[in-house]
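Structural features, examined
Below, each chain spelled out in residue letters.
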Amino acid sequence: MMRISDFLKRYNLHGSLINNVEYDSTTKRVSIETELCKWQQFDYDETKDPEMIEGFIVFEDVTYFETDCVKDFDADEILEAVLISETPSLEKVKIVTDGVNIIIIEAGNVEWHSL
């Protein structure tokens, strides 16, 4: 697990696709089903890696979750993912998609889980 700021430095989310977003208020967890643009990552090897990989971006210890999504996510392309606030224990990220959806999540940590 890593802080959101470290995650955003490690993973380039621009152009990746969101297929589903689930928030569980009991476990304080947000899971974003994603097709990550592997070809945009620093460790991409075009001789062996696929251009896209499926998996989940999982936020833990979520203290704030908001989306203005008026429809289900259906391969919505991520246009922007930026850190909008931080404290010693929590950070908040804003994710904007081409489907004009905005997701805001404040969490203690985040991790990528490849399928």
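Before going into details, it helps to say that this report is about the structure given with it. None of the values given here were measured: they were computed from a predicted structure.

Focus on the pairing of strand β5 (residues 76-86)
The pairing of strand β1 (residues 17-24) with β5 spans two bridges and is antiparallel. The partner of Ile18 across the bridge, within β5, is Asp76. The sheet contact formed by β5 and strand β6 (residues 91-97) spans seven bridges and is antiparallel. For Glu86, the partnering residue across the bridge sits in β6 and is Glu91. Hairpin connection, β5 to β6: the antiparallel pair is bridged by four residues.

Observations concerning the environment of Thr34
Looking at the element boundaries, Thr34 is found in strand β2 (residues 29-37). Sequence separation between Thr34 and Val21 is 13 residues, and the spatial gap between their C-alpha atoms is 9.0 Å. Sequence-distant contacts of Thr34, that is, excluding residues within four places in its chain, are made with Ser16, Leu17, Ile53, Glu54, Gly55, Ile57 and Trp112. Engagement of the side chain of Thr34 in a polar contact is seen with the backbone oxygen of Ile32, the distance being 3.0 Å.

Points about the packing of aromatic side chains
According to the stated counting rule, one finds three aromatic pairs in the structure shown. Ring geometry for Tyr11 and Trp112: centres 6.5 Å apart, planes at 45 degrees, overall tilted. A residue pair is termed long-range when its members are at least 10 positions apart, and Tyr11 in the loop between α1 (4-10) and β1 and Trp112 in strand β8 (residues 109-114) qualify at 101 residues. Trp112 gets classed as buried once you look at its relative accessible area, which sits at 13%. Between the aromatic rings of Tyr23 and Phe65, the centroid separation amounts to 4.9 Å while the plane-to-plane angle is 25 degrees, which identifies the pairing as stacked. Here Tyr23 is found in strand β1, whereas its partner Phe65 is found in strand β4 (residues 64-67), with 42 residues between them in sequence. Three or more aromatic residues joined by ring pairs make a cluster, and in this case those are Phe7, Tyr11 and Trp112. The ring of Tyr11 carries Arg10 above its face, with NZ or CZ at 4.4 Å from the centroid.

Cut-offs and rules
- Residues numbered from 1 in each chain as written.
- Predicted model: local features only at pLDDT ≥ 70, side-chain atom pairs only at ≥ 80, totals over all residues.
- Heavy atoms only, no water.
- Pairing = 2+ DSSP bridges.
- Helix = DSSP H or I, 4+ residues; strand = E, 2+ residues; numbered from the N terminus.
- Contact = heavy atoms within 4.5 Å.
- Polar contact = N/O pair within 3.5 Å; in protein donor to acceptor, adjacent residues only side chain to side chain.
- Phe/Tyr/Trp six-rings, centres within 6.5 Å; stacked < 30°, edge-to-face > 60°.
- Buried < 20%, exposed > 50% of the residue type's maximum accessible area, 1.4 Å probe, protein only.
- Lys NZ or Arg CZ within 6 Å of the ring centre and 35° of its normal.

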